[in-house]
Amino acid sequence: HRIVAKIEELFSSLDKGIESLKTARAQLKTYRQAVLKWAFEGKLTNAHVKDGELPEGWKWVQLGDMIHSIEAGKSFKCEERPPQRDDTGVLKVSAVTWGIFNEEESKTVLDLEKIKLRNVVKVGDFLFSRANTLELVGAVVKVHAITKKLLLSDKTLRLRFIEIQINDNYALYFLKSQFGRKQIQQNSTGNQESMRNIGQDGIRRINIPLAPLPEQSRIVAEIEKRLSVCDTL
């Protein structure tokens, strides 16, 4: 009886611990969005900013004015497995869905004549998912490492920004923020919640609060400093 009582006491404690972890994760998710909200309101780098106003030197611009080009790949019949050794692959939407680029989420090209070198994914590429569920359409990642030869698909776009105007990491975090996500969803089309699409014109119409270029770098550094604490936790 004492053993059973002790087991139930410990299991009860574990259950409370699990609930505490779930609460902490939810709080961290809220904090991450709060950091991005402060960043694009100018509050991370400006001490005195009134609600609803941009800091001095900031301005609203359309993302299209900051984009040099938007490139799309092709989709065609492939073998449903990641490429091996000397194979060439095509990205799946899931390669860019979850915040970090995942090269294993790809399929293998069977017809070598379909391979276009201009569509090969490289380190540093800024990728944008143009089709997914309402919650996930417009997911963005930067390619920090890649070991396979992979191609863009028709649903994964590569955005190239005008470097003298915008820091691509600044654009990345904005598109992950609630400000950016709301516009992506508003500009997406489709009758079903299960699959939405946003075209290149819709991407270009997204409005972004643009800080001066040196301040953009400071904002990115402040965001990453705070989010790294979340990752550690």
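Overview of the structure.

Calculation notes
Residues numbered from 1 in each chain as written. Predicted model: local features only at pLDDT ≥ 70, side-chain atom pairs only at ≥ 80, totals over all residues. Heavy atoms only, no water. Pairing = 2+ DSSP bridges. Helix = DSSP H or I, 4+ residues; strand = E, 2+ residues; numbered from the N terminus. Axes fitted to C-alpha atoms, helices over the stretch in contact; angles between N-to-C directions. Salt bridge = Lys/Arg side-chain N within 4 Å of Asp/Glu carboxyl O. Buried < 20%, exposed > 50% of the residue type's maximum accessible area, 1.4 Å probe, protein only. 1 Å grid on protein atoms, 1.4 Å probe; cavity = no way out; pocket = protein on both sides within 12 Å on 5 of 7 lines; lining within 4 Å. Points joined across faces, edges and corners; volume = space filled by probe spheres on them. Core = buried A, V, L, I, M, F, W, Y, C linked by side-chain atoms within 4.5 Å. Contact = heavy atoms within 4.5 Å.

What follows covers the sheet that holds strand β3 (residues 78-79). Taking strand neighbours across the sheet as the criterion, the four strands line up as β3-β5-β4-β9 in an open arrangement whose pairing is mixed. Every other strand in the sheet has two partners, leaving β3 and β9 (149-151) as the edge strands with one partner each. The sheet contact formed by strand β4 (residues 88-91) and β9 spans three bridges and is parallel. In the sheet register, Gly-89 faces β9, and the bridge partner there is Leu-150.

Spatially, four strands are ordered β2-β10-β6-β8 in an open sheet, and the strand pairing comes out antiparallel. Across the chains shown, the open sheet's two edge strands, defined by having one partner strand only, are β2 (67-72) and β8 (140-142). Taking each pair of neighbouring strands and ignoring which way they run, the sheet shows an average axis angle of 25°. Both strand β6 (residues 126-129) and strand β10 (residues 156-161) contribute to a ladder of four bridges, which runs antiparallel. From the neighbouring strand, Phe-126 faces β10, where its bridge partner is Leu-159.

Under the counting rule described, the total for this entry stands at 17 salt bridges. Across the pair Glu-71 and Arg-160 runs a salt bridge, and its minimum N-O distance is 2.8 Å. Of the two residues, Glu-71 is situated in strand β2 and Arg-160 in strand β10; the sequence distance between them amounts to 89 residues. Note that Lys-142 is salt-bridged to Asp-168, the shortest N-O span being 3.2 Å. With Lys-142 in strand β8 and Asp-168 in helix α2 (residues 168-176), the pair connects residues that are 26 residues apart, well separated along the chain. A relative accessible area of 14% means that Lys-142 is categorised as buried. Residue classification places Asp-168 among the partly exposed positions, given a relative accessible area of 22%. It is possible to trace a salt-bridge network through shared partners that takes in Lys-37, Glu-41, Lys-43 and Asp-51.

Moving on, we come to the layout of surface pockets. Taken as a whole, the largest pocket spans an internal volume of roughly 1100 Å³. In terms of lining, the largest pocket is formed by 28 residues, of which the most central are Arg-32, Gln-33, Trp-98, Gly-99 and Lys-176. Every element with two or more residues in the lining of the largest pocket is listed here: α1 (2-41), β8, α2, α3 (178-187) and α5 (213-232). Per-element tally for the lining of the largest pocket: the top contributor is α2, with five residues.

As a further point, take the nonpolar core. Ranked by size, the top nonpolar core spans 36 residues in total, and within it Phe-128, Leu-159, Phe-161, Tyr-170, Leu-175, Ile-203 and Ile-223 carry the most contacts. Breaking this core down by element, the ones donating at least two residues are α1, β2, β6, β10, α2, β13 (207-210) and α5. Top contributing element to this core by residue count: α2, with six residues. Filtering out sequence-adjacent residues up to four positions away, Phe-161 remains in contact with Leu-63, Met-66, Ile-67, His-68, Phe-126, Ile-166, Asp-168 and Ala-171.

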